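# Structural characterization, general
This is what each chain is made of:
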Amino acid sequence: MNETEIKQLVEKQRSRFCSGATLDINRRIAALKKLKTCIRKYESEIETAIRKDLGKSRFESYMCETGLVLSEISYMLRHIRSYAKEKRVHTPLAQFASKSYQKPSPYGVVLIMSPWNYPFLLTIDPLVDAIAAGNTVILKPSAYSPYTSALIQRMISECFSDSHVAVVTGGRAENACLLGEHFDYIFFTGSQSVGREVMKSAAAYLTPVTLELGGKSPCIVEKTANLKLAAKRIVFGKFLNCGQTCVAPDYIFCDSSVKSKLVEEIKRQIILQFGDSPLANKDYGKIINEKHFRRILGLIDSNKAVIGGSSDSQTLQIEPTVLDNVTFSDAVMQEEIFGPLLPILTYDSITNAIQKINSMPHPLALYLFTSDKRIAKTVTSSCGFGGGCINDTIIHLATSEMGFGGFGESGMGAYHGREGFFTFSHTKSIVDKKTWLDLPMRYQPYRNINEKLLQLFLK
C-alpha cells in the first residue's frame, strides 16, 4: 500500500468515526462476537501460520496466542456495558445545583503496530480493546512474521469493512507512511529504538501513545527459594518461544550460596522439558530470521556455556543455553537477549541486588523466587519494574483482570481487560448545571460578596 492509499484509508476511517457509527454499544458487541467467530473458524490456519513463522507447536500457539485472545474477547463482552457507562461522581456544594459525571469516549482513529514474536496475540489483543472502546483501527503487523500477517489481513477483511478495521502489511516504507499520518492514538509493541521513533512521529500531532517495549528483566533467586520448582518455572518462562518473549527472564540474579545447586537443577529441567537433543524436539521453535539468529549466536561465550550452545543454521534453531560465571560487563548483558540464552549472575546480599537492579533501566518484568515474605515485600516495593511474579514467571500477563505494561525504558501505558478499554478511551469530565437556580456569588462586582459564605461553599 502506497502513501496515497494509506492517506485515503485514514480519511475513510475518520469519516466513519465522525459519523458516529462506532459509538453504539450493541454494534461494538456485535463486532467482537463476529471477530470471535472468525478466530474459531480459522484456528487451524492460525496454528499453521504461527508454526511457519516461529516453529511453535499447536499447544503453545493456543496457550500463548489464540486462547489468550479468545479469553480477552470473552472478558470484554462480559464487561463492556459496565465500562462504557457514564459514572456519576460527587458534586461539591459550590457547584449546586448540578450533577457531575464521567463519560468514556473513544479517541477516534487508532494505529496498532505489532511485533513478530507473538504475531497473532499482540495484534489482535489490543484490537479487541480498541473495538470495545469504540474506535476505528488500522493494524500494522510485522513484516518479519509474513504468514501470520497475511492471515490476519484475510481474517480482518472478512470480518470488517476497511472503514472500521483495516490491515496494512509491508515493512519500513509502510511504517514511515503510517507514522506520517494524523492518528488519534498510537499503540506500539516492539523495540525501544523503534519506540523512540514512534514517539517522535506522534509528537508532530501531539498524539497520545502506548509503548509496550521490553528490557533486561531480572529473575532473582533468593537463598530460601524452592530451587527445584524455581528451576522448573524459570526454564519454562525463559525458553518459551525460544526466549523470544518480551517478559522472559533475561538473566538470573541469584544468591551466591545457592548458585551451584540452581545450575544443576536448571540443567536437569532443560533435559526434562526439551529432551537430550532439543533441536530434534518437534515442539521446540526457532529464531524468527537469520539476522536475529546470528545476533544471538554472537552473544554466546563458549567458555561460559555449561549446557547447550549448539545451533542449526538451516532451521534457525539454538539450543536452550545456560551461561555461568557471567558479569554485568559481558556482551550478553549489554542488550535484551530475546533468545534462548540464560546468563547466571550472583549477589552476596539482597540489598546489593536491589541496588544493582535499580541502577539499570527499568525492566518490563521482574521475577523473584523466595520463601521469605519479608524479602518479597521489600523487593516488590523497592525495585522499579512493569509487572512480574513471585515464585513463577510469565503468567502475570495471562489475565484480563490486571493491566500489563511497563514504564520508563520498558514503555508507558498498559492494556488488558479494564485497563485496555480505558487505554483506548478518553474519559470526559462533565458537569450538568441546572437552570432553575443561579447563585450570584461568582459574578462581579465581588465587593457585594459575603466572604464567610464563600468560604463555607468552598470548604
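In what follows, the structure referred to is the one given above.
Residues numbered from 1 in each chain as written. Predicted model: local features only at pLDDT ≥ 70, side-chain atom pairs only at ≥ 80, totals over all residues. Heavy atoms only, no water.

### Let's talk about the sheet that holds strand β17 (residues 411–412)
Taking strand neighbours across the sheet as the criterion, the six strands line up as β5-β4-β3-β6-β7-β17 in an open arrangement whose pairing is mixed. Among the strands making up the open sheet, the edge pair consists of β5 (165–167) and β17. Across four bridges, the pairing between strand β6 (residues 185–189) and strand β7 (residues 209–212) is parallel. What sits directly across from Thr-189, in β7, is Glu-212. (Pairing = 2+ DSSP bridges. Helix = DSSP H or I, 4+ residues; strand = E, 2+ residues; numbered from the N terminus.)

### A look at the packing of aromatic side chains
For the structure on display, the rule yields 16 aromatic pairs. The interplanar angle of 50° and the centroid separation of 5.7 Å between the aromatic rings of Tyr-83 and Phe-421 together place this pair among those described as tilted. Here Tyr-83 is found in helix α4 (residues 58–84), whereas its partner Phe-421 is found in helix α14 (residues 417–423), with 338 residues between them in sequence. With respect to burial, Tyr-83 and Phe-421 carry one shared label: buried. Ring plane angle 40° and centroid distance 4.7 Å describe the contact between Tyr-107 and Tyr-185, whose orientation is recorded as tilted. Here Tyr-185 lies in strand β6 and Tyr-107 lies in the loop between β2 (98–106) and β3 (109–113), a separation of 78 residues in the sequence. A residue is classified by how much of its surface remains accessible, and Tyr-185, at 6% relative accessible area, is buried. Site record: aromatic cluster; members linked through ring pairs are Tyr-107, Tyr-185, Phe-187, Phe-404, Tyr-415 and Phe-424. Note that Lys-356 overlies the ring of Phe-328, its terminal NZ or CZ placed 4.5 Å from the centroid. (Phe/Tyr/Trp six-rings, centres within 6.5 Å; stacked < 30°, edge-to-face > 60°. Buried < 20%, exposed > 50% of the residue type's maximum accessible area, 1.4 Å probe, protein only. Lys NZ or Arg CZ within 6 Å of the ring centre and 35° of its normal.)

### Some points on the nonpolar core
Judged by nonpolar contacts, the single largest core of 115 residues is most densely connected at Leu-35, Ile-39, Leu-127, Ile-252 and Ile-266. When near neighbours in sequence (up to four residues on either side) are disregarded, Ile-39 contacts Ile-46, Thr-66, Val-69, Leu-70, Ile-73, Phe-120, Ile-124 and Met-155. Among the nonpolar cores identified, the runner-up in size contains 20 residues, and Val-109, Leu-111, Val-209 and Leu-211 belong to it. (Core = buried A, V, L, I, M, F, W, Y, C linked by side-chain atoms within 4.5 Å. Contact = heavy atoms within 4.5 Å.)

### Here's the deal with the pairing of strand β9 (residues 251–255)
Of all the five residues making up β9, five are buried; the element is thus mostly covered by neighbouring parts of the structure. Regarding the hand of the β-α-β motif, the stretch spanning strand β8 (residues 218–221), helix α9 (residues 227–239) and β9 is right-handed. One ladder, built from four bridges, connects β9 with strand β14 (residues 341–347); its direction is parallel. Its bridge partner being in β14, Phe-253 is matched across the sheet by Leu-345. (Right-handed = clockwise from strand over helix to strand, strands pointing away.)

### Brief notes about the packing of helix α3 (residues 43–54) against α4
The relative placement of two packed helices is expressed as an angle between their axes plus a distance between the axes. Running from amino to carboxyl end, α3 crosses α4 at an angle of 125°, the nearest separation of the two axes being 10 Å. With respect to their mutual orientation, α3 and α4 come out oblique. The crossing of α3 and α4 is right-handed. Within the contact between the two elements, α3 uses Glu-43, Ile-46, Glu-47, Ile-50 and Arg-51 and α4 uses Arg-58, Ser-61, Tyr-62, Glu-65, Thr-66 and Leu-70. Of the residues that constitute the contact of α3 with α4, the class distribution is four nonpolar, two polar and five charged. (Axes fitted to C-alpha atoms, helices over the stretch in contact; angles between N-to-C directions. Parallel < 35°, antiparallel > 145°, perpendicular 65-115°, else oblique. Left-handed = near helix turned anticlockwise from the far one by under 90°. Nonpolar A, V, L, I, M, F, W, Y, C, P; charged D, E, K, R; others polar.)

### Section: the pairing of β2
Two strands pair when backbone bridges link them, and strand β1 (residues 87–89) and β2 are joined in this way by three bridges, in the antiparallel orientation. When the bridges of β2 are listed, Arg-88 appears paired with Tyr-101. Here nine bridges tie β2 to strand β18 (residues 425–433), and the two strands are oriented antiparallel to one another. Of the residues in β18, the one forming a bridge with Lys-99 is Asp-432.

### Remarks on helix α12 (residues 350–358)
When we look at burial in α12, the residues that qualify are Ala-353, Ile-354 and Ile-357. The arc that holds the buried residues of α12, viewed along the axis, is 100°, so those residues lie on one side. Where α12 is buried, its residues contact β8, β9, β14, β15 (365–369) and α13 (373–382). (Arc of directions from axis to C-beta.)

Worth remembering: the numbers are spatial, not functional.
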